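A look at the structure
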Amino acid sequence: MHTIMRLAIVALAVFALSLPSGVEAQSRETPYWASISAGQARMRTGPGRNFPISWLYQRAGLPVQVVEVYENCRKIEEPEGTQGWMLVNLLSADRTGMIVGDIRPLRESPRPDARIRFRAEPGVVGRISNCRRGWCEFDVRGRTGFVEISHLYGVSDDERVDE
């Protein structure tokens, strides 16, 4: 019985060590997309807590592009084009997007002639998935629809997202 328990504990430990940590999940080649995970996130002028705060973000889920990595900090660019540094634990690998430009239709399927499910104003943030051939599925608190990639900040034009 003790042997079975030991084997189970060892198997669980090996499994836990094989999972990527938050920092490892954010250790990809730049540039890459991420989102702000914290309800309050400070952007700083340099990579570390000793640098002055340049912005305080109070919008979890906001998509950002990571453009540089330094230890446990990431230099990000946010939707307005502002760049600065954030601690990696304030970012998530969750893919989000933000509607840009005008009010945009979210459609039943990824076709320009598909029925409109609802419309989203510029600045609306949602989770993105199933991005291909110029369209992404966009989820705003449980309401989903397809939007053209060109109307989103948070995904590259030629990118494929399969989440």
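As a reminder, the structure under discussion sits directly above these lines.
Throughout what follows, the structure given in this document is the object of discussion. Note that the coordinates shown come from a computational prediction; the quantities given were computed from them, not determined experimentally. (Residues numbered from 1 in each chain as written. Predicted model: local features only at pLDDT ≥ 70, side-chain atom pairs only at ≥ 80, totals over all residues. Heavy atoms only, no water.)

Glancing now at the pairing of strand E1 (residues 32–36). A regular strand places its side chains on the two faces of the sheet in alternate fashion. Extensive coverage of E1 is indicated by the burial of 5 of its 5 residues. Sheet analysis places E1 next to strand E4 (residues 63–70), joined by 4 bridges and oriented antiparallel. Paired with Trp33 across the two strands is Gln65, which belongs to E4. (Buried < 20%, exposed > 50% of the residue type's maximum accessible area, 1.4 Å probe, protein only. Helix = DSSP H or I, 4+ residues; strand = E, 2+ residues; numbered from the N terminus. Pairing = 2+ DSSP bridges.)

What follows deals with the environment of Asp158. Checked against the element boundaries, Asp158 lands in the segment after strand E14 (152–153). When its relative accessible area of 75% is taken as the criterion, Asp158 is described as exposed. Remark: the alpha-carbon pair of Asp158 and Cys131, spanning 27 residues in sequence, is separated by 9.2 Å.

Backbone phi values are negative for most residues with the exception of glycine, while trans is the configuration of most peptide bonds. Residue Pro31 follows Thr30 across a cis peptide bond; omega there is -5 degrees. On the secondary structure map, Pro31 appears in the loop between helix H2 (22–25) and E1. Backbone geometry places Arg133, a non-glycine residue, at a positive phi of 50 degrees. On the secondary structure map, Arg133 appears in the loop between strand E11 (125–132) and strand E12 (135–140). Judged by its relative accessible area of 77%, Arg133 falls in the exposed class.

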